[in-house]
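Chain and residue survey
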Amino acid sequence: MKILVVYNVVEPSEEERLFSEQEIVFVEQHIARALQEYGHLTVSVPIRNDLWTPLKQYDPNEWLIFNLCESFRNKTYLEPYIISVFEYLGFRYTGSDRRTLANCLNKARAKEILQAHGIPTAAFQVFTPLNVHQRRLEFPLFVKPVSEDASIGITMDSVVRDDRALRRQVRFIWEKYHEPALVEEFIDGREFNVTLLGNDSPRVLPLSEINFRHIRDPFARIVSYRAKWVPTSEEYLKTPPTCPARVSESLKRRIEDVARRAYQAMGLRDYGRVDIRVKDGIPYVLEVNPNADLAPDAGIARAARAAGMSYADLADEIVRLAAHRYRIKGMARPRIVTYELKARSAGSDGIYSIPAQALLPSVLRAEKVKRLRATSAVGVAA
Ligand SMILES: Nc1ncnc2c1ncn2[C@@H]1O[C@H](COP(=O)(O)OP(=O)(O)O)[C@@H](O)[C@H]1O
Ligand SMILES: [Mg+2]
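Residues numbered from 1 in each chain as written. Chains lettered and ligands numbered in written order. Predicted model: local features only at pLDDT ≥ 70, side-chain atom pairs only at ≥ 80, totals over all residues.

1. A short note on the overall build of the protein
Tallying secondary structure elements over the protein gives 13 helices and 14 strands in all. Taken over 382 residues, the protein has a buried fraction of 41%. (Helix = DSSP H or I, 4+ residues; strand = E, 2+ residues; numbered from the N terminus. Buried ≥ 20, exposed ≤ 12 C-beta atoms within 10 Å, placed from the backbone.)

2. Some points on the pairing of strand S1 (residues 2-8)
For S1, a buried count of 6 out of 7 residues is recorded, marking the element as mostly surrounded by other parts of the structure. Pairing of S1 with strand S3 (residues 63-67), which is carried by 5 bridges, proceeds in the parallel orientation. Of the residues in S3, the one forming a bridge with Lys2 is Trp63. (Pairing = 2+ DSSP bridges.)

3. Observations concerning the pairing of strand S14 (residues 282-290)
By the criterion of burial, S14 is predominantly enclosed, with 7 of the 9 residues buried. Here strand S13 (residues 271-279) folds back onto S14, and the loop between the two strands holds 2 residues, one of which, Asp280, carries a positive phi near 50°.

4. So, the site of ligand 1
The environment of ligand 1 is made up of 17 residues, and the closest members are Asp149, Glu184, Ile187, Ile222 and Val223. Those elements that place two or more of their residues in the shell around ligand 1 are strand S6 (141-145), S13 and S14. Classifying every residue of the shell around ligand 1 gives 9 nonpolar, 1 polar and 7 charged. Looking at which domains feed residues into the shell around ligand 1, each of domain 2 (104-185) and domain 3 (190-207 + 243-359) supplies at least three. (Near = placed C-beta within 6 Å. Nonpolar A, V, L, I, M, F, W, Y, C, P; charged D, E, K, R; others polar. Domains from an automatic or database assignment.)

5. Focus on the sheet that holds strand S4 (residues 92-93)
As summarised here, the arrangement of the 4 strands in space is S2-S1-S3-S4, forming an open sheet in which the pairing is parallel. The open sheet is flanked by strand S2 (41-47) and S4, the only strands paired with a single partner. As paired elements, S1 and S2 share 7 bridges and run parallel to each other. When the bridges of S2 are listed, Leu4 appears paired with Val43. Running over the sheet, helix H11 (residues 311-325) touches S1, S3 and S4 and is turned about 125° from S3. (Contact = placed C-beta atoms within 7 Å. Axes fitted to C-alpha atoms, helices over the stretch in contact; angles between N-to-C directions.)

6. What to know about unusual backbone geometry
Each neighbour pair has its own omega, and for Phe139 with Pro140 the value is 0°, a cis peptide bond. Looking at the element boundaries, Pro140 is found in the loop between strand S5 (124-127) and S6. Of note, the bond from Cys243 into Pro244 is cis; its omega dihedral lies within 30 degrees of zero at 0°. When you line up the elements, Pro244 lands in the loop between strand S12 (241-242) and helix H9 (249-265). One non-glycine residue, Arg73, lies in positive phi territory at about 50°. By secondary structure assignment, the location of Arg73 is in the loop between S3 and helix H3 (79-88).

7. Quick look at helix H10 (residues 299-306)
Extensive coverage of H10 is indicated by the burial of 6 of its 8 residues. Contacts made by the buried residues of H10 are with strand S9 (190-197), strand S11 (208-210), S12, S13 and H11. Of the residues trailing H10, Gly308 is marked for its positive phi of about 90°.

8. Topic: the environment of Arg92
Relative to the helices and strands, Arg92 is located in strand S4. Sequence spacing of Arg92 and Trp63 is 29 residues, and the spatial spacing of their C-alpha atoms is 7.9 Å. Discounting chain neighbours no more than four positions away, the residues touching Arg92 are Leu64, Ile65, Ala322 and Tyr326.

9. Some words on the sheet that holds strand S8 (residues 181-185)
Across the sheet, 4 strands lie side by side as S5-S8-S6-S7; this open sheet has antiparallel pairing. Every interior strand has two partners, whereas the edge strands, S5 and strand S7 (159-160), have only one. Sheet analysis places S6 next to S7, joined by 2 bridges and oriented antiparallel. Note that in S7 the partner of Leu141 across the bridge is Val160. Sheet strands touched by helix H6 (residues 163-177): S5, S6, S7 and S8. Its angle to S6, the strand with the most contacts, is close to 10°.

10. Topic: H11
For H11, with 15 residues, the first-to-last C-alpha span of 21 Å sits near the 21 Å given by 1.5 Å per residue. Of all 15 residues that make up H11, 12 are buried, and the element is covered over most of its length. When H11 is considered as a whole, its buried residues turn out to be Tyr311, Asp313, Leu314, Ala315, Asp316, Glu317, Ile318, Val319, Arg320, Leu321, Ala322 and Ala323. Positive backbone phi, approximately 55°, marks Arg327, located one or two places after H11. (Expected span 1.5 Å × (residues − 1).)

11. Points about the packing of H3 against helix H4 (residues 98-105)
What describes two packed helices is the angle between their axes and the distance between those same axes. Across the interface, H3 lies against H4 with an axial gap of 8 Å and an inter-helix angle of 175°. Viewed along their axes, H3 and H4 adopt a mutual orientation that is roughly antiparallel. In contact with Glu79, Pro80, Ile83 and Ser84 of H3, H4 contributes Arg98, Leu101, Ala102 and Leu105. By residue class, the composition of the contact of H3 with H4 is 5 nonpolar, 1 polar and 2 charged. (Parallel < 35°, antiparallel > 145°, perpendicular 65-115°, else oblique.)

12. Overview of the environment of Gln36
Position of Gln36 among the secondary structure elements: in helix H1 (residues 15-37). The spatial distance from the C-alpha of Gln36 to the C-alpha of Ile3 is 9.7 Å, given a sequence separation of 33 residues.

13. Quick look at the confidence of the model for the protein
Across the protein, the average pLDDT comes to 88, with 84% of residues at or above 70. When the criterion is pLDDT under 50, residues 347-354 qualifies, and its contacts beyond four places in sequence or with other chains add up to 11 contacts. A low-confidence stretch, residues 376-382 (pLDDT under 50), is modelled with 0 contacts involving residues beyond four sequence positions or located in other chains. (pLDDT = per-residue confidence, 0-100.)

Now the structure itself:
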């Protein structure tokens, strides 16, 4: 398949955004290499200040876009606009559409949609310095920018326990990020990143848990900006992920169910990640991330590895899912769809019963089966 790997180049400006978004150039190289491993022809298309010129040179009937753009002109809120241009030019692309990206970008709007679907999410209010006195929620609370991602604006000061701290933090968000603050009840509990792949019946990959064991204070158990992006920081070292997470079968099912419902309620396509914290056995959705980070060391690739998929398998599977959605001829079926069909014809709902093994590329699977047969044959002979 002919694939344009489209990514945004971040002009160095704000020191915070830099870490998270410069990653994209690096991800682009890994994705392009992974797709080439599967025999795809790739061309990398960096986006700077202009979207139209770099894209117009390609025929949308020939090329599929692998979308790695997270912002345009350094503005995260222009992410859906990028998609508008893809669509205007007639391109087909991997990942979620414009509406889903726009709805997820504003966390308050996303939470309203989740609530409307009966999906648990922490109680919240949106504040500016002008209306912060209208607080109804009980302390402790968690304060974050209403429309950022990648833990931007999240520090230990995000947890507030009185009105004074709340006012201070809302003002900080307002002055630094020029946007309202989303204020939520603090969910004191375990935190999971849940990766999903697919469209009609998305598959949940093995759960990943942030391991907070090394942090005593329950209110310090959060993934701050430093914990996410500064590998030498104490916060980073004290929040290692465990994948697959150690969870009881019943909690696992509950988390998977909430994540899958959130993925579908927000209309995600192909792949995504749902962040969840669990309190009193109830999984609460923190946020839904369409087009989430595809770096080889980030959550999605990690969960895919735990399911037996290499990085190249993951990249190729995302292309297969998009191609299947658009009914592009000549592309192999997504592995997920194949296994859903098999599981369904075996009488199950096609969701819970698919072993991780099933996602292994067929060559590897055949080898594994051969090996298994060989060992059992030895068993019989003995
Ligand atoms: N309501 C909450 N209660 C407790 N911790 C929270 C809450 N909301 C967010 N956090 C912490 O802040 C981190 C970042 O928040 P999140 O909503 O996932 O935003 P981002 O888009 O920056 O990842 C989470 O991973 C979690 O550790
Ligand atoms: Mg998050």
